[in-house]
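Structure assessment
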Amino acid sequence: MTKLPATSDIYISFFMFTTNLQPDNLDYRRIVVAHIKKLQRFGYSGFEFPIAPGLPENYAQDLENYTNLRHYLDSEGLENVKISTNVGATRTFDPSSNYPEQRQEALEYLKSRVDITAALGGEIMMGPIVIPYGVFPTTDFNEPIWSDELQEHLKVRYANAQPILDKLGEYAEIKKVKLAIEPITHWETPGPNKLSQLIEFLKGVKSKQVGVVIDSAHEILDGEGPEIFKTQVEYLAQQGRLHYVQVSPPDRGALHTSWLPWKSFLTPIVKVYDGPIAVEIFNAIPAFTNSLRLTRRKFWIPDEDPPNQYPNAYDIADEAIKVTRKELKKIGSK
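Here is what the cut-offs are and how they apply
- Residues numbered from 1 in each chain as written.
- Predicted model: local features only at pLDDT ≥ 70, side-chain atom pairs only at ≥ 80, totals over all residues.
- Heavy atoms only, no water.
- Helix = DSSP H or I, 4+ residues; strand = E, 2+ residues; numbered from the N terminus.
- Polar contact = N/O pair within 3.5 Å; in protein donor to acceptor, adjacent residues only side chain to side chain.
- Buried < 20%, exposed > 50% of the residue type's maximum accessible area, 1.4 Å probe, protein only.
- Contact = heavy atoms within 4.5 Å.
- Patch = residues over 30% accessible without salt bridge, like charges linked within 9 Å, V, L, I, M, F, W, Y side chains within 5 Å.
- Areas by Shrake-Rupley, 256 points an atom, 1.4 Å probe, with all protein chains shown as cover.
- Salt bridge = Lys/Arg side-chain N within 4 Å of Asp/Glu carboxyl O.
- UniProt positions renumbered as here; feature names shortened; annotations may be inferred.
- Pairing = 2+ DSSP bridges.
- Axes fitted to C-alpha atoms, helices over the stretch in contact; angles between N-to-C directions.
- Core = buried A, V, L, I, M, F, W, Y, C linked by side-chain atoms within 4.5 Å.
- Phe/Tyr/Trp six-rings, centres within 6.5 Å; stacked < 30°, edge-to-face > 60°.

The name given to the chain in an unreviewed UniProt entry is Xylose isomerase-like TIM barrel, with the source organism recorded as Trichormus variabilis.

Structure below.
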């Protein structure tokens, strides 16, 4: 596979602005379009859309709303804009549940999100879709479970989820959507936290439509070092399961001033991967301030927040794509 050029597709996550695109809200559709057109000027060719949780009775309406959002983007001259989606399992829709009925409901929920991804023209649905994000298990007495006990607990949960993810992969293949599971650092979610854990999980999932997203923030915090990372990337590529890549700093803030080991992270990836690279920045919007304990200032959003002397969201996005291209160019020139 040829090396990823510095001009390859670079996406940006809408976590810079929101966790809910409000696809049925015409006023917010206009805001989404304004953000996309501004970010396109910096060179972004794709956008990672967070898809809000929903309820079974609303799945058909959700699909219609996101379909209408895609039509609206097209009508605004954005028919060439590429989309990926960010979806998570939830406490209610948990494919790892010990209850068969709940696992089946989780499968139907995740299928509905595959449908939305396809309706948006997306080819990748990524996120924590095995264990619900941020839901740490407890004993029957509400005591937290950690360490060895947690890992034994997760073995059962992973075994529960494997056949569900396999069925989801079969469905996603029909819809031409790849599923990229995200290993997320231990202080955000109970598991999987490491690529090695996710690789082991995938051994029990036949569908190669189910693969991995590698996020630099989580790899820096919970990864097993650059040498093991190289072998993991190579293995995932050989298995046809390296579906998506995100560059994000450990604090999920400004990318261009972060402590990110670009060379160690990108070098093994560009040798085997030619898909999009997404910039993921969690702005200090209300949805994230408590859950991520954000102490840094918000990157104020033009036309939404009063201007101030600090960097705004567009400034940070512009610097992020510049540094990403610069680092890709460095690697590609060697």
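1. Here's the deal with the environment of Ser258
Looking at the secondary structure, you find Ser258 in the loop between strand 7 (242-247) and helix 8 (262-270). The sequence separation of Ser258 and Ser248 amounts to 10 residues, and the corresponding C-alpha distance is 8.7 Å. In this structure the side chain of Ser258 is engaged in a polar contact, spanning 2.9 Å, whose partner is the backbone oxygen of Leu255.

2. A look at helix 5 (residues 195-202)
For helix 5, the buried fraction is high: six of the eight residues fall into the buried class. For helix 5, the set of buried residues is Leu195, Gln197, Leu198, Ile199, Phe201 and Leu202. Of the surrounding secondary structure, the elements contacted by the buried residues of helix 5 are helix 4 (147-174), strand 5 (178-181), strand 6 (210-215), helix 6 (216-222) and helix 7 (226-238).

3. Remarks on a nonpolar patch on the surface
Residues Trp187, Ile220 and Leu221 make up a contiguous nonpolar surface patch of roughly 260 Å² in combined accessible area. The residue Ile220 is located in helix 6 in this model. For Ile220, a relative accessible area of 33% puts it in the partly exposed group.

4. Observations concerning the pattern of salt bridges
Applying the stated criterion across every chain, the model contains 19 salt bridges. Of the charged contacts, one joins Arg113 and Asp62 as a salt bridge, the two residues approaching to 3.1 Å between their closest N and O atoms. Taken as a pair, Arg113 in helix 3 (residues 100-119) and Asp62 in helix 2 (residues 59-75) lie far apart in primary sequence, 51 residues in all. Like Arg113, the residue Asp62 is buried in the burial classification.

5. A look at the UniProt feature "binding site: Zn(2+)" (unreviewed entry) in the chain
Summarizing the sequence annotation, UniProt attributes the feature "binding site: Zn(2+)" (unreviewed entry) to Glu182, Asp215 and Glu280 in the numbering used throughout. Taken together, the annotated residues stretch across 99 residues yet fold into one region, lying no more than 12.9 Å apart by C-alpha. Assignment of secondary structure puts Asp215 in strand 6. For Asp215, a relative accessible area of 2% puts it in the buried group. Position of Glu280 relative to the elements: it lies in the loop between strand 8 (277-279) and helix 9 (286-289). Polar contacts involving the side chain of Glu280 include one to the side chain of Gln246, which spans 3.5 Å.

6. Focus on the sheet that holds strand 2 (residues 46-50)
Here we have eight strands rolled up into a closed barrel, ordered 1-2-3-4-5-6-7-8, and parallel in their pairing. Averaged over all adjacent pairs, the angle separating strand axes in this sheet is 30 degrees, with direction ignored. On top of the sheet, helix 5 reaches strand 5 and strand 6; it is set at about 175 degrees to strand 6, its chief contact. Here helix 10 (residues 313-332) sits on the sheet and contacts strand 1 (10-13), strand 7 and strand 8; the angle it forms with strand 1, its principal contact strand, is near 145 degrees.

7. Things to note about the UniProt feature "domain: Xylose isomerase-like TIM barrel" (unreviewed entry) in the chain
Here the UniProt-annotated "domain: Xylose isomerase-like TIM barrel" (unreviewed entry) positions come out as residues 37-293. As a span, residues 37-293 carries 44% helix and 13% strand, and end to end its C-alpha atoms are 31 Å apart.

8. Regarding the nonpolar core
Tyr44, Phe47, Phe49, Leu165 and Phe201 are the most contacted members of the largest nonpolar core, which has 95 residues in total. When residues of this core are assigned to their parent elements, the largest contribution, nine residues, is made by helix 10. With residues near it in sequence (within four places) discarded, Phe47 still touches Tyr11, Ile12, Phe14, Ile36, Leu39, Gln40, Val81, Lys82, Ile83 and Ser84. Phe15, Phe282, Ala284 and Leu294 belong to the second largest nonpolar core, which has seven residues in total.

9. A closer look at the side chain of Thr189
Assignment of secondary structure puts Thr189 in the loop between strand 5 and helix 5. For Thr189, a relative accessible area of 2% translates into the label buried. When neighbours within four sequence positions are excluded, Thr189 is seen to be in contact with Pro132, Tyr133, Gly134, Phe136 and Ile184.

10. Focus: the packing of aromatic side chains
Within the structure shown, the criterion is met by 13 aromatic pairs. Ring centres 6.2 Å apart and planes at 75 degrees place the aromatic pair Phe14 and Phe47 in the edge-to-face group. Separated by 33 residues along the polypeptide, Phe14 in the loop between strand 1 and helix 1 (26-42) and Phe47 in strand 2 bring together distant segments of the chain. Assessed through its relative accessible area of 0%, Phe14 is described here as buried. Relative to Trp146, the ring of Phe136 lies with its centre 5.5 Å away and its plane at 50 degrees, an arrangement referred to as tilted. One end of the pair, Phe136, is in the loop between strand 4 (124-127) and helix 4; the other, Trp146, is in the loop between strand 4 and helix 4, and 10 residues separate them in sequence. Taken together, the aromatic side chains of Phe14, Phe17, Phe47, Phe49 and Tyr314 make up a single cluster linked through ring pairs.

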